[in-house]
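# Remarks on the overall topology
The chain contents come next:
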Amino acid sequence: MIAYVTVGADDIRRAKKFYSAFLLPLGYDLEEGPEGLSYVLPPGPELALALPDFYVKPPFNGQSASAGNGAMVAFE
């Protein structure tokens, strides 16, 4: 039902260290790009349903990340 979750971050390097500490052991792969970090689960037959991707990006409006700025949940 949830397609992806995005959180805002002002310091992508620090965010990578924090989120990688638990998402990588859970089986997520990390893709880095100019827009930030993308954590995705590789497709496989062992998954009964699609689990959401997790993105860490600077807010689109260029202002500081906060609880309401940079956060997004998308539904299928």
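Just above, that's the structure.
Residues numbered from 1 in each chain as written. Predicted model: local features only at pLDDT ≥ 70, side-chain atom pairs only at ≥ 80, totals over all residues. Heavy atoms only, no water.

## Here's the deal with the nonpolar core
Formed by Val 7, Ala 9, Ala 15, Tyr 19, Leu 23, Tyr 28, Leu 37, Tyr 39, Leu 41, Phe 54 and Val 56, the largest nonpolar core amounts to 11 residues. Elements that contribute at least two residues to this core include exactly α1 (12-23), β3 (36-40) and β4 (53-57). If one sorts the elements of this core by residue count, α1 sits on top with 3 residues. Beyond its immediate sequence surroundings of up to four residues, Tyr 19 is in contact with Val 7, Leu 24, Tyr 39, Phe 54 and Val 56. (Core = buried A, V, L, I, M, F, W, Y, C linked by side-chain atoms within 4.5 Å. Buried < 20%, exposed > 50% of the residue type's maximum accessible area, 1.4 Å probe, protein only. Helix = DSSP H or I, 4+ residues; strand = E, 2+ residues; numbered from the N terminus. Contact = heavy atoms within 4.5 Å.)

## A few points about the pairing of β3
When you tally the buried positions in β3, you get 5 out of 5 residues, the bulk of the element. Two elements, strand β2 (residues 29-33) and β3, share 5 bridges in a ladder whose sense is antiparallel. Counted as the bridge partner of Gly 33 is Gly 36 from β3. Between β2 and β3, which pair antiparallel in sequence order, lie 2 residues. Strand direction decides the pairing type here: β3 and β4, joined by 3 bridges, are antiparallel. Considered in β4, the bridge of Tyr 39 is made with Phe 54. (Pairing = 2+ DSSP bridges.)

## Some words on the packing of aromatic side chains
What the rule picks out here adds up to 6 aromatic pairs. Considering the side-chain rings of Phe 18 and Phe 22, the 5.7 Å spacing of their centres and the 80° angle between planes classify their relative orientation as edge-to-face. Of the two residues, Phe 18 and Phe 22 both sit in helix α1, 4 residues apart, roughly one turn of that helix. A residue is classified by how much of its surface remains accessible, and Phe 18, at 51% relative accessible area, is exposed. Accessibility expressed as a relative area gives 36% for Phe 22, which makes it partly exposed. Ring pairing ties together the aromatic residues Phe 18, Tyr 19, Phe 22, Tyr 39 and Phe 54, which thus form one cluster. (Phe/Tyr/Trp six-rings, centres within 6.5 Å; stacked < 30°, edge-to-face > 60°.)

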